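One-letter residues, chain by chain:
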Amino acid sequence: MKLYRPYSVIPASRLEGPFEEKTVRVDWICHEREEAVLPYYQMIKKYEEIEDSVRQKNWIEERVDNLLTLAETEDLRGYLARTDQFGLSSFPFEVEEFPIPVASGDLPLFKEKYRNEEGMRGCIYLYARGEAYDLGIPIIGVISPFRELRDIHTVGDMLREIDTQKG
């Protein structure tokens, strides 16, 4: 079995000036998965050897829970193409594979340092927007941050903010 990290790549051709980024990456993750896909000792390499601090174990478990199954990844691909609510169907949809068991050091971070007391910043909440959401898990898109981006909830918000900064 494998787990997957799907992401969309948006060309950043609208960027000018001090921005060095060529693309904007939106990592699609399961946000607060209710039930693990498999027992953690099967999904995470050397799970029994992980330092027995609750914080460290929880952090690693959350990282593996962010990854999607193949079926969830294909459902997401179809949803983005079908709804095109965010204008993402015309941009590349890429997928990274993580063979199970995955080493805890290989798990992606998803830019969590951008969380704050007001909630996630730089995220697209697919499941909380009141649109025709029919996926079986809550998925959010975590946008690779540009310098000093303000609150971003959709691709449109992101492009408006980029325009504001370069104007």
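Above this text you will find the structure in question.
Every value quoted in this text rests on a predicted model; they were computed, and no experiment measured them. (Residues numbered from 1 in each chain as written. Predicted model: local features only at pLDDT ≥ 70, side-chain atom pairs only at ≥ 80, totals over all residues. Heavy atoms only, no water.)

### Describing the overall build of the chain
Counting its regular elements, the chain contains four helices and seven strands. Going from N to C terminus, the chain has its helices and strands arranged as β-β-α-α-α-β-β-β-β-β-α. Within the span of the chain, comprising 167 residues, buried residues form 43% of the whole. Within the chain, contacts between residues separated by at least 24 positions form 68% of all contacts whose residues are at least 6 apart in sequence. As displayed, the chain offers around 9400 Å² of accessible surface, 47% of which is attributable to carbon and sulfur atoms. (Helix = DSSP H or I, 4+ residues; strand = E, 2+ residues; numbered from the N terminus. Buried < 20%, exposed > 50% of the residue type's maximum accessible area, 1.4 Å probe, protein only. Contact = heavy atoms within 4.5 Å. Areas by Shrake-Rupley, 256 points an atom, 1.4 Å probe, with all protein chains shown as cover.)

### Quick notes on the nonpolar core
Counting residues in hydrophobic clusters, the biggest one holds 17 residues, and the most contacted among them are Trp28, Leu76, Leu80, Leu126 and Ile139. Secondary structure elements with two or more residues in this core: strand 2 (23-30), helix 3 (70-83) and strand 7 (139-143). If one sorts the elements of this core by residue count, strand 2 sits on top with four residues. The next biggest cluster of nonpolar side chains, apart from the first, holds 13 residues, and it includes Ile60, Val64, Leu67 and Ile100. (Core = buried A, V, L, I, M, F, W, Y, C linked by side-chain atoms within 4.5 Å.)

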